[in-house]
Amino acid sequence: MIITIAVPAAHIADANQLAMILGYGPADELTYREPQWQDAAGNLYAAASPLVGDNFIANAQATLTRPGWDVEPYAINMAGANRAQALVVLWLAGSETAAPLAANEAITAIGGMDGLAALALMGLVSVVQDLG
């Protein structure tokens, strides 16, 4: 399943700590980078649309544990990962409720649909970069 996750700019560091726990290793600390999306109020978000396994949602909602690979020099910030986990609002395509809009104090996740369509459903638009 594809899950699209939008992270408010203020929560990128914590979300990357959570990504390392739920992902495959230290490289997942770079999951969320520069904010490239914004909502109608101008709040900025970083986003990712990974293809995840069957257990991803259950693992993301379970008590977080430090991965076995997390030894010096990595040292995941578990408090940050827990803060990020507490902010997650998940919606699955086909649910009877309306999809959530991205919010500045939530990490919004939509599962089961194309990433760009999920971002649009969250009310996010791409931020135009001046390359000049």
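Residues numbered from 1 in each chain as written. Predicted model: local features only at pLDDT ≥ 70, side-chain atom pairs only at ≥ 80, totals over all residues. Heavy atoms only, no water.

(A) Summary view of the sheet that holds strand E4 (residues 88-92). Strand order in this open sheet of 6 strands is E4-E5-E1-E3-E2-E6, and the pairing throughout is mixed. At either end of the open sheet lies a strand with only one pairing partner, and these are E4 and strand E6 (125-126). For E4 and strand E5 (residues 107-111), the ladder comprises 5 bridges, and the chain directions are parallel. Bridge pairing in E5 links valine 88 to isoleucine 107. Contacting strand E1 (3-8), strand E3 (44-48), E4 and E5, helix H1 (residues 12-22) crosses the sheet at an angle of about 145° to E1. Sheet contacts for helix H3 (residues 78-87): E4 and E5; angle to E4, the most-contacted strand, approximately 45°. (Pairing = 2+ DSSP bridges. Helix = DSSP H or I, 4+ residues; strand = E, 2+ residues; numbered from the N terminus. Contact = heavy atoms within 4.5 Å. Axes fitted to C-alpha atoms, helices over the stretch in contact; angles between N-to-C directions.)

(B) Quick peek at H3. Restricting attention to buried positions, one finds in H3 the residues Met78, Gly80, Ala81, Ala84 and Gln85. Axial view of H3: buried residues confined to an arc of 160°, hence all on one face. Among the structural elements, H1, helix H2 (56-61), E4 and E5 are those in contact with the buried residues of H3. With a side-chain oxygen lying 3.1 Å from the backbone nitrogen of alanine 79, the N-terminal cap of H3 falls on asparagine 77. (Buried < 20%, exposed > 50% of the residue type's maximum accessible area, 1.4 Å probe, protein only. Arc of directions from axis to C-beta. Polar contact = N/O pair within 3.5 Å; in protein donor to acceptor, adjacent residues only side chain to side chain.)

(C) Representation of the pairing of E1 in the model. Within E1, 6 of the 6 residues are buried, which leaves the element mostly enclosed by the surrounding structure. Of the two faces of E1, the one lined by Ile3, Ile5 and Val7 and the one lined by Thr4, Ala6 and Pro8 are each fully buried. Inspection of the sheet shows E1 paired to E5 by 4 bridges, in the antiparallel sense. Bridged to isoleucine 3 within E5 is glycine 111. Where E1 and E3 come together, 4 bridges link them in antiparallel fashion. Opposite valine 7, over in E3, you have alanine 46 as the bridge partner.

(D) Layout of the environment of glycine 112. Relative to the helices and strands, glycine 112 is located in the loop between E5 and helix H4 (115-121). Put simply, glycine 112 and threonine 4 are 108 residues apart on the chain and 8.5 Å apart in space, counted from C-alpha to C-alpha. Setting aside residues no more than four positions away along its own chain, glycine 112 makes contact with Met1, Ile2 and Ala93.

(E) Focus on the nonpolar core. If you look at the biggest cluster of nonpolar residues, it comprises 23 residues, and the most contacted ones within it are Ile5, Val7 and Tyr32. Sorting the residues of this core by element identifies E1, H1, E3, H2, H3 and E5 as the ones contributing at least two each. Counting residues per element, this core draws most heavily on H1, which supplies 6 residues. Aside from chain neighbours lying at most four places away, what touches valine 7 is Ile12, Ala15, Tyr32, Leu44, Tyr45, Ala46 and Ile107. Within the second largest apolar cluster, 11 residues are counted, among which are Ala6, Ile110, Met122 and Leu124. (Core = buried A, V, L, I, M, F, W, Y, C linked by side-chain atoms within 4.5 Å.)

(F) Seen up close, the side chain of aspartate 70. As for its placement among the helices and strands, aspartate 70 is situated in the loop between H2 and H3. A residue is classified by how much of its surface remains accessible, and aspartate 70, at 8% relative accessible area, is buried. In this structure the side chain of aspartate 70 is engaged in a polar contact, spanning 2.8 Å, whose partner is the backbone nitrogen of alanine 75. Setting aside anything within four residues of it in sequence, one finds aspartate 70 in contact with Ala75 and Ile76.

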